[in-house]
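# Report on the structure
The residues making up each chain are set out below.
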Amino acid sequence: MEGLKIVVCSKTITDPDLVTFDVVKEEFGAVYPIPDPMDEYLLEEAIRIREKHGGEIIVLSAGPEEIEKILEKTLRFGADRAIRIWDDGLMDPDTWMISQVIEKGLRGIEFDLVLCGSRSSDTGSGTFVPLLARNLDLPCICGVVSMEFEAKTTLVAHKKLERGMREEYVLAFPAVLGLDPGINLPRYVAPYSKVYCRGMQRSVERMTATSFLKVLEKRVSVGRLCQRKPRVKKGINTSALSMQDRLRMMRGELGDKKRRFQGEPAAVAREILKEIKM
Amino acid sequence: MVREIWVYLESDENGFHESAHRMVHEARRTAEIVGGSPCGFLLENGIEWSENAPKLEGLEKLYVIQEAKGFSIETRAGVIRNVVQKKMPHMVLFAGTFTGNELGGRVAAALDRGYISDCTDFEMDDGLVFARKSIYGGKADVLLKWETAFPLFASIHLNSLENISVSSAQPPEVVLLKKDMEAPRAKLRNRWRVPPSELDLNEAAIVIGVGKGVPFSSMSEIYRLSEVLEAAVGGTRIAVHAGLIPVERQIGTTGKWLNSDLYIALGISGAPQHMMGIKDVRKIIAVNMWKGASIFQKADLGVVGDLREILPELLVLLEKGKR
Ligand SMILES: Cc1cc2nc3c(=O)[nH]c(=O)nc-3n(C[C@H](O)[C@H](O)[C@H](O)COP(=O)(O)OP(=O)(O)OC[C@H]3O[C@@H](n4cnc5c(N)ncnc54)[C@H](O)[C@@H]3O)c2cc1C
Ligand SMILES: Nc1ncnc2c1ncn2[C@@H]1O[C@H](COP(=O)(O)O)[C@@H](O)[C@H]1O
């Protein structure tokens, strides 16, 4: 089990904190690309594996030229190679098409493990892992909270399920893994440290996926963007609502009956208990 | 032919999951919007579904895939795929839990269908079904549509699921199905439940949030509280800095995002960076000494008082209730 080749699938997202939505034109304002903060732990996990077993870390990302600046960061944070792959004919690809682009990239390199996030922070389809695994005809595990290597090509992965349930899986690699954000705490890489400087000397490689896409149709397409509208829960009689309540309903605030309580500590405790049990 | 709307009812040896009951309502609701007959399906994995079936009011049919105990998620997805392929319902819906989201993704991928996860609603436009989903951290919604043939696959965001039951309805007609399965690629070797103290913040049903207002001396009481309530403990960045909780337990923009049923905020002011991490929580109880604290604007129950006095009283009540 020496020298594992680990591919980290990393996504450049639109900073959700900075982007603004114009509700009249129903479009987003200026977008600021950032590396998905949810992906930091992917690189961290890859680095931990490399520290323990040796090997190479390749960051693979599908996107237009603009993302190269962002990908350079992953080199400074410890990746050995960073590859951008794209097909300039792609317009608004859905996750299925992205999974094909990444498949194409992976078919051009050798790898043992592919690490992916469980859900991206901007559009968050959360479906990338099963799609990629199916394209490559490889096994996959999602929600991985820890992993160990057992033998030459065997991996033991712990998977997180609901409310504290865990499952242990044994699988041979190559494999595709979807990591849970709780798997590690990404380290801090100081600017101008050794790792950082080494990364500064490297540059992002390019690959093209042109004429690879098997099916050019999307599986899911965007109808339109619109103002946020949380679900109106049943049991609210909308015709009897005042104008103010209607506005609150549109903001999804109706039905939350906010209560305030003040009193003796014992009375307060009873009130809290009542609310917990409700 | 009747168009069937299928919802997956998640269960384990201990019975149906909370999400299963909510999915029953979701089936009815979606059937109303899209048109069709609300149906449920489940894997027979050790629970007494026949006793519970009458409780699944409002479903017209209940498909039971027999003898499916102790299966890995991969095997379950394979079994579901085969059944769906045979019956070809109009829609197949999952709850937006870890398991539901993943099962949906796997089954849809195996059948080459589009899959939309964490929808908040469905809408009809010109005879087509659109799924609404929140993007960019809730800045806007997007209406998505499937470009693939039926069935349409989706999962429903947990915050959109409602717990509404109709008691007058007939119990569903039960249809037993044989399973059809292949050998899995990844072997399931072990299954267990971690103790509440080891629960991750994003999986606990109840989370206790610790802020700057909590003195060190109260931390032991907070951990006792977390034991009785089977809750996870997290907190604000200031609480991390003060050494009250470890950094991986920070909640907020630069920490973890919760998805719990209940958040108990103790001595927390309610800074926007913290509130971002708890926006998906279904109920908030806040204790703060200062009545102007902004956390009260979002709290379902806001208590103005000193947590040093309230905590001991609450523990007495809870521990008495346990015995
Ligand atoms: C870029 C950036 C990112 C950040 N990210 C995060 C993040 O991810 N998560 C996060 O939490 N913060 C984050 N912060 C910090 C955030 O802005 C606030 O400073 C922090 O959340 C406040 O923590 P607090 O509520 O514990 O403390 P305080 O604001 O000091 O509030 C303490 C509260 O306790 C109350 N209190 C005091 N004593 C008692 C008592 N005995 N009984 C009852 N109540 C009492 C007080 O009335 C007060 O309201 C970030 C800040 C920045 C600039
Ligand atoms: N354009 C992309 N390039 C590389 N990896 C991606 C891309 N989009 C998604 N991924 C991977 O898929 C995971 C889940 O994304 P999503 O399905 O969009 O929620 C991310 O955390 C990434 O690991």
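For the structure itself, look to the data block above.
Reading the values: the criteria
Residues numbered from 1 in each chain as written. Chains lettered and ligands numbered in written order. Predicted model: local features only at pLDDT ≥ 70, side-chain atom pairs only at ≥ 80, totals over all residues. Heavy atoms only, no water. Salt bridge = Lys/Arg side-chain N within 4 Å of Asp/Glu carboxyl O. Helix = DSSP H or I, 4+ residues; strand = E, 2+ residues; numbered from the N terminus. Buried < 20%, exposed > 50% of the residue type's maximum accessible area, 1.4 Å probe, protein only. Near = heavy atom within 4 Å. Polar contact = N/O pair within 3.5 Å; in protein donor to acceptor, adjacent residues only side chain to side chain. Areas by Shrake-Rupley, 256 points an atom, 1.4 Å probe, with all protein chains shown as cover. Axes fitted to C-alpha atoms, helices over the stretch in contact; angles between N-to-C directions. Parallel < 35°, antiparallel > 145°, perpendicular 65-115°, else oblique. Left-handed = near helix turned anticlockwise from the far one by under 90°. Contact = heavy atoms within 4.5 Å. Nonpolar A, V, L, I, M, F, W, Y, C, P; charged D, E, K, R; others polar. Buried area = accessible area lost by both parts, 1.4 Å probe. Phe/Tyr/Trp six-rings, centres within 6.5 Å; stacked < 30°, edge-to-face > 60°. Lys NZ or Arg CZ within 6 Å of the ring centre and 35° of its normal. Pairing = 2+ DSSP bridges. Expected span 1.5 Å × (residues − 1).

Moving on, we get to the pattern of salt bridges. Per the stated rule, a full pass over the model turns up 45 salt bridges over all chains. We note a salt bridge from E65(A) to R206(A), for which the minimum N-O separation is 3.8 Å. Of this pair, E65(A) sits in the loop between strand 6 (55–62) and helix 2 (68–76) while R206(A) is found in strand 13 (residues 205–208), placing the two residues 141 residues apart along the sequence. A residue is classified by how much of its surface remains accessible, and E65(A), at 52% relative accessible area, is exposed. Note that R29(B) is salt-bridged to E162(B), the shortest N-O span being 3.7 Å. Of the two residues, R29(B) sits in helix 1 (residues 18–34) while E162(B) sits in the loop between strand 11 (152–156) and strand 12 (173–177), which places them 133 residues apart along the sequence. By relative accessible area, which is 4% here, E162(B) ends up buried. Each of the salt bridges in this network shares a partner with another, and the network as a whole consists of R259(A), E271(A), K274(A), E275(A) and K283(B).

Glancing now at the site of ligand 2. Residue and element names in this part refer to chain A. Around ligand 2 sit 20 residues, and of these C9, A62, S120, S125 and G126 come closest. Contacts to ligand 2 include C9, whose backbone N or O atom sits 2.7 Å from an oxygen atom. Here A62 contributes a backbone N or O atom positioned 2.9 Å from a nitrogen atom of ligand 2. For ligand 2, the protein covers 97% of the area, taking 480 Å² as the surface of the free molecule.

This next bit is on the environment of A266(A). Along the chain, A266(A) turns up in helix 7 (residues 265–277). The spatial distance from the C-alpha of A266(A) to the C-alpha of Q201(A) is 65 Å, given a sequence separation of 65 residues.

Two elements in contact, helix 7 of chain A and helix 8 (residues 307–322) of chain B, have axes whose closest approach is 8 Å; the angle formed by their N-to-C orientations is 55°. By the angle class used here, helix 7 of chain A and helix 8 of chain B are oblique. Crossing geometry of helix 7 of chain A relative to helix 8 of chain B is assigned as right-handed. Of helix 8 of chain B, the residues touching helix 7 of chain A (which contributes P265(A), A266(A), V268(A), A269(A), R270(A), I272(A) and L273(A)) are E309(B), I310(B), E313(B), L314(B), L317(B) and L318(B). Looking at the contact of helix 7 of chain A with helix 8 of chain B residue by residue, the class counts come to ten nonpolar, no polar and three charged.

Okay, the environment of E167(A) next. Tracing the backbone shows E167(A) in strand 11 (residues 165–172). Here E167(A) falls in the buried class, since its relative accessible area comes to 0%. C-alpha separation for the pair E167(A) and F111(A), spaced 56 residues apart in sequence, amounts to 25 Å. Apart from residues no more than four positions distant in its own chain, E167(A) is found in contact with A157(A), H158(A), K159(A), L161(A), L188(B), N190(B), R191(B) and W192(B). Separated by 2.7 Å, the side chains of E167(A) and Y169(A) make a polar contact. There is a polar contact of 2.4 Å between the side chain of E167(A) and the side chain of R191(B).

All names here are of chain A. Within the secondary structure layout, R198 lies in helix 5 (residues 194–200). Between the C-alpha atoms of R198 and F77, which are 121 residues apart in sequence, the distance is 9.4 Å. Every residue in contact with R198, bar those within four places of it in the chain, is listed here: R50, G78, A79 and D80.

Before going further, it helps to examine the interface of chain A and chain B. If you look at the interface, chain A gives 76 residues, while chain B gives 96 residues. When the area that chain A buries against chain B is broken down by residue, the three leading residues are R163(A), R219(A) and R231(A), summing to 11%. Joining chain A to chain B, the criterion identifies eleven salt bridges. R185(B) is paired through a salt bridge with D137(A); the nearest N and O atoms lie 3.3 Å apart.

This part is about the site of ligand 1. Residues and elements named next belong to chain B. Around ligand 1 lies a shell of 25 residues, among which K212, T236, T254, S269 and N288 are the nearest. Between an oxygen atom of ligand 1 and a side-chain N or O atom of Q250, the distance comes to 2.9 Å. Contacts to ligand 1 include S269, whose side-chain N or O atom sits 2.6 Å from an oxygen atom. Across the complex, the protein chains shield 75% of the 990 Å² of accessible surface that ligand 1 would expose by itself. Those elements that place two or more of their residues in the shell around ligand 1 are helix 6 (237–241), helix 7 (272–275) and helix 8. Across the shell around ligand 1, the residue classes break down as seven nonpolar, 14 polar and four charged.

Attention now moves to the packing of aromatic side chains. Residue and element names in this part refer to chain A. Under the defined criterion, the tally for this structure stands at ten aromatic pairs over all chains. Summarising the aromatic geometry, the rings of F149 and F173 are spaced 5.8 Å apart at their centres and angled 90° between planes, so their arrangement reads as edge-to-face. Of this pair, F149 sits in strand 9 (residues 140–151) while F173 sits in the loop between strand 11 and strand 12 (175–179); the two residues are 24 residues apart in sequence, bridging distant segments of the chain. Judged by its relative accessible area of 15%, F149 falls in the buried class. The ring of W96 carries R219 above its face, with NZ or CZ at 3.5 Å from the centroid.

Residue and element names in this part refer to chain B. Of all five residues in strand 11, five are buried, a share of seventy percent or more. Residues of strand 11 alternate between two faces, with L152, A154 and I156 on one and F153 and S155 on the opposite face, all of them buried. Taken together, the five bridges between strand 6 (residues 91–95) and strand 11 define a ladder with parallel strand orientation. When the bridges of strand 11 are listed, L93 appears paired with A154.

Looking now at the packing of helix 3 (residues 73–87) of chain B against helix 4 (residues 98–110) of chain B. All names here are of chain B. At their nearest, the axes of helix 3 and helix 4 sit 9 Å apart, and the two run at 55° to each other. The pairing of helix 3 with helix 4 is recorded here as oblique in orientation. Pair helix 3 / helix 4 crosses with right-handed handedness. Between helix 3 and helix 4, the contacting residues are I73, E74, R76, A77, I80 and R81 on the first element and T99, E102, L103, R106, V107 and A110 on the second.

Quick look at the side chain of S120(A) now. All names here are of chain A. Here S120 shows up in the loop between strand 8 (113–117) and helix 4 (128–136). Here S120 falls in the buried class, since its relative accessible area comes to 16%. S120 has contacts with K11, D36 and S125, leaving out every residue within four places of it along the chain.

Helix length check: helix 3 (residues 95–107) of chain A, at 13 residues, gives a terminal C-alpha distance of 18 Å against a target of 18 Å (1.5 Å per residue), a fit within 8%. On its buried face, helix 3 of chain A sits against strand 1 (4–9), strand 6, strand 7 (81–86), strand 8, helix 4 and strand 13 of chain A.

Let's shift gears to the sheet that holds strand 9 (residues 128–135) of chain B. Strand order in this open sheet of four strands is 14(A)-10(B)-9(B)-8(B), and the pairing throughout is antiparallel. Only two strands of the sheet have a single partner each, and these edge strands are strand 14 (220–226) of chain A together with strand 8 (121–125) of chain B. Ignoring strand direction, the axes of neighbouring strands in this sheet form an average angle of 35°. Inspection of the sheet shows strand 9 of chain B paired to strand 10 (residues 140–146) of chain B by six bridges, in the antiparallel sense. The residue bridging F130(B) from the neighbouring strand is K145(B), located in strand 10 of chain B.

Worth remembering: the numbers are spatial, not functional.
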